[in-house]
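Chain residues, written in single-letter form:
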Amino acid sequence: MKLKLPAPPIPASLKSPPRRPDEERPSKVEGAKEAGISAVDWVDERTSLSGGVRWMLFRKVPRGTNWAYTLGSATMFAFLNQAMTGVFLAMYYDPSATNAYESARYITNEAFLGEFVRGMHKWGSTVMVVLVFLHMGRTFFWGAYKYPRELNWVVGAVLLVLTMLMSFTGYLLPFDQKSYWATIVGVNINGTGPLVGPYLNDFLLAGPDFGATTLSRFYAIHMLLVPGLIAALIGAHLYLVARLGTTAPPWLKAEKNPELRKESV
Amino acid sequence: MAKDRRKAKSKYTADRSIPGAFEGETVTRRRFMTGTVHASGAIAGAAIALPALGFAIGPVFEKKPVQWEAIGPVDDFGPDEYIPKVFTETYGIGDVGKTTAYVRQHNESIDGPQKDEYDAFVAISTKCMHLGCPVRYSSAAERFICPCHGGVYDFQGKRAGGPPVRPLDRFYTRIRNGQVEVGPRYSVNAELRRFSPRYPGEPIDGIGQYLYPSRPTARKLPNS
């Protein structure tokens, strides 16, 4: 049986030796046990995905890698939580000025687990913003934005702006007094930008005032436009991380002894 | 600059011994094909992107219709005291489209001579000119006060303190069938001169009126 699963880079002495010609072939029961592997093998033979998976997952990481390096993944999982819960909230939510508050109330008070899922989305957004900044601080203070990772810093900065845009557009959606007035204030802050501010506001509100299509406009930006951009940019961000590797913490000095500097796995 | 030592190529494909070249032909068929494919790709892309973009930014050029709302008989309003009136500024969105105006009769001793037919009553908008929170009129202090960041305006709606950048907006008023009607919003500068409506936080004194220009969605009434 030909198997092309991603092989983790373990020392040769630990690998089990291949089957010798005089050894018995595995029985049918054993073959059935490996049905899952065979299925993966079938897909891999036609797509060669395993190479990409191995390239992405089995990377060498520098000595000193620690828990602070998980902040990026944590942020991504916060985003996945937002995407997941957001899809299900969208099943009940009605982005019209007359029904939005009522539908949000229905989710909270009547839908099964509605309060819990809405809470996950609400608190998850705060968690995501906090994690984004922790991740950014880690990158900054570790000096991980330096050559050759400048482009990844730029992508990350764009992701930060998009996250803020998500927070801003999502804040209006419950459509209670707080979210309405906070959005009014936020839009008016945007309008104080000279020359373009007034026109940007007209675009954002779809008219000179908060009107009939403002809420649905915010909703479309919140659940279609920005999440798509974020997902695409997370892909680019991860590609660059895998391509360039991670940095060692700044307190680790380079090994002076060239013998010890040699790589070994 | 180093001189290019390659032999200068003729611009005619026939001279470059390309098989099947026509007399006087200067664009190779490969280049022509590449250009055609790029052009048709660009046309297809624009055919999708331009209508979508136009659809999204269309409202920026759409003028809000002028509408007048009756708020009560002429006798209800005196020259020295504001009466709060709730009316619909934007239709189709229920209570969200409603707004409050503080209305009183034009008072010559305070406001000076009446400017035109829209000036018989003063209707002051409750939208704070700092960032748009709703202001409240305190009759004891004769001041408009904003709860958000402490903006204060005097009896005429001129800025008296706090962060606001200009006096409170006003609404056009007119009299029809013995009723006072409020119309579109307009903004005023420190001398209470009329300007087309601006967003809160945008000063319109001096250079401000050019930094925050009038928008196609909301203009002053003509001849006002």
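Residues numbered from 1 in each chain as written. Chains lettered and ligands numbered in written order. Predicted model: local features only at pLDDT ≥ 70, side-chain atom pairs only at ≥ 80, totals over all residues.

Remarks on the overall build of chain B
Counting secondary structure elements, chain B contains three helices and eleven strands. Mapped from its N terminus to its C terminus, chain B presents α and β elements in the order α-β-β-β-α-β-β-β-β-β-β-β-β-α. Against the compact-globule benchmark of 17 Å for 224 residues, chain B has a radius of gyration of 31 Å, which places it well outside the compact range. Each principal axis of the C-alpha atoms in chain B carries an extent, and together these give about 95 × 45 × 35 Å. Looking at chain B residue by residue over its 224 residues, the buried ones come to 29%. Sequence separation of 24 or more characterises 42% of the internal contacts of chain B that already satisfy a separation of 6 or more. (Helix = DSSP H or I, 4+ residues; strand = E, 2+ residues; numbered from the N terminus. Rg over C-alpha atoms; globule rule 2.2 N^0.38 Å. Buried ≥ 20, exposed ≤ 12 C-beta atoms within 10 Å, placed from the backbone. Contact = placed C-beta atoms within 7 Å.)

Some points on helix H7 (residues 150-172) of chain A
For an α-helix the count is 3.6 residues per turn, leaving residues at separations of three or four pointing the same way. Its 23 residues give H7(A) an end-to-end C-alpha distance of 34 Å, which sits within 8% of 33 Å, the value for a rise of 1.5 Å per residue. Restricting attention to buried positions, one finds in H7(A) the residues A:Asn152, A:Gly156, A:Leu159, A:Thr163, A:Met166, A:Thr169, A:Gly170 and A:Leu172. (Expected span 1.5 Å × (residues − 1).)

Quick look at the sheet that holds strand E6 (residues 143-145) of chain B
Pairing between sheet strands relies on hydrogen bonds along the backbone, with the strands arranged either parallel or antiparallel. Residues and elements named next belong to chain B. Overall, antiparallel pairing links the four strands, which are arranged E5-E6-E7-E8 in an open sheet. Unpaired on one side and paired on the other, strand E5 (136-138) and strand E8 (159-161) mark the two borders of the sheet. By the bridge criterion, two bridges tie E6 to strand E7 (residues 152-153) in an arrangement that is antiparallel. Across the sheet, Phe-144 pairs through a bridge with Tyr-153, a residue of E7. (Pairing = 2+ DSSP bridges.)

Describing unusual backbone geometry
For the bond from A:Tyr147 to A:Pro148, the omega torsion is 0°, close enough to zero to count as cis. One non-glycine residue, B:Glu142, adopts positive backbone phi at about 50°. Along the chain, B:Glu142 falls in the loop between E5 and E6. Assessed through the 14 C-beta atoms surrounding it within 10 Å, B:Glu142 is described here as partly exposed. The phi angle at B:Asn177 is positive, at roughly 55°, despite the residue not being glycine. Of note, B:Asn177 is situated in the loop between strand E9 (170-176) and strand E10 (179-188).

Overview of the nonpolar core
Counting residues in each nonpolar core, the largest one holds 26 residues, and the members touching the most others are B:Ala101, B:Val103 and B:Ala123. Secondary structure elements with two or more residues in this core: strand E3 (98-105), strand E4 (121-125), E9 and E10 of chain B. Look past the residues within four positions of B:Ala101 in its chain and what remains in contact with it is B:Lys85, B:Phe87, B:Ala123, B:Ile124, B:Ser125, B:Thr126, B:Phe171 and B:Val182. A:Ala104, A:Leu173, A:Leu215 and B:Val96 belong to the second largest nonpolar core, which has 21 residues in total. (Core = buried A, V, L, I, M, F, W, Y, C linked by C-beta atoms within 7 Å.)

Re the environment of B:Glu181
By secondary structure assignment, the location of B:Glu181 is in strand E10. Taking the C-alpha atoms as reference points, B:Glu181 and B:Val74, 107 residues apart in sequence, are found 9.4 Å from one another.

Regarding the interface of chain A and chain B
Taken together, the contacts link 24 residues of chain A with 26 residues of chain B. For the side of chain A that touches chain B, the elements supplying multiple residues, two or more each, are helix H8 (177-191) and helix H9 (197-205) of chain A. Grouping the amino acids of the side of chain A that touches chain B by side-chain chemistry returns 14 nonpolar, eight polar and two charged. (Nonpolar A, V, L, I, M, F, W, Y, C, P; charged D, E, K, R; others polar.)

As for the environment of B:Gly162
All names here are of chain B. With respect to the secondary-structure elements, Gly-162 resides in the loop between E8 and E9. In this structure Gly-162 comes out as partly exposed when scored by C-beta crowding, with 15 C-beta atoms within 10 Å. Through-space distance from the C-alpha of Gly-162 to that of Arg-219 is 28 Å; in sequence the pair is 57 residues apart. Excluding anything up to four places from it in sequence, Gly-162 contacts His-130, His-149, Gly-150, Gly-151 and Val-152.

Section: the domain arrangement of chain A
When the parts of a complex come together, some accessible area is lost, and that lost area is often taken as the interface size. Segmentation of chain A into domains returns domain 1 (12-57) and domain 2 (67-244). Averaged C-alpha coordinates put domain 1 of chain A and domain 2 of chain A at centres separated by 42 Å. (Domains from an automatic or database assignment.)

Some thoughts on the packing of H7(A) against H8(A)
Residue and element names in this part refer to chain A. The interhelical angle for the contact between H7 and H8, taken along N-to-C directions, is 135°, at an axis separation of 7 Å. The orientation of H7 relative to H8 falls into the category oblique. Where H7 abuts H8, its residues Phe-168, Tyr-171 and Leu-172 lie against Ser-179, Ala-182, Thr-183 and Gly-186. Considered class by class, the residues forming the contact of H7 with H8 number four nonpolar, three polar and no charged. (Axes fitted to C-alpha atoms, helices over the stretch in contact; angles between N-to-C directions. Parallel < 35°, antiparallel > 145°, perpendicular 65-115°, else oblique.)

Topic: the packing of H7(A) against helix H10 (residues 214-244) of chain A
Residue and element names in this part refer to chain A. Close contact between H7 and H10 brings their axes to 9 Å; oriented N to C, the two are set at 160°. Considering the angle they form, H7 stands roughly antiparallel to H10. With respect to the hand of their crossing, H7 and H10 are arranged in left-handed fashion. A class-by-class count of the residues in the contact of H7 with H10 yields 19 nonpolar, six polar and no charged. (Left-handed = near helix turned anticlockwise from the far one by under 90°.)

With respect to the domain arrangement of chain B
With domains assigned, chain B is organised as domain 1 (13-61) and domain 2 (69-211). In this structure, domain 1 of chain B and domain 2 of chain B have C-alpha centres spaced 56 Å apart.

A closer look at H10(A)
All names here are of chain A. The first and last C-alpha atoms of H10 sit 42 Å apart over 31 residues, in line with the 45 Å expected at 1.5 Å per residue. In the structure, H10 departs most strongly from a straight axis at Ile-221, where the bend amounts to approximately 35°. What H10 keeps buried is the set Thr-214, Leu-215, Arg-217, Phe-218, Tyr-219, His-222, Met-223, Val-226, Ile-230 and His-237. Buried-residue contacts for H10 involve helix H4 (71-90), helix H5 (100-109), H7 and H9. Of the residues one or two after H10, Gly-245 is the one with positive phi, at around 75°. (Bend = angle between axes of the 7 residues up to and from the residue.)

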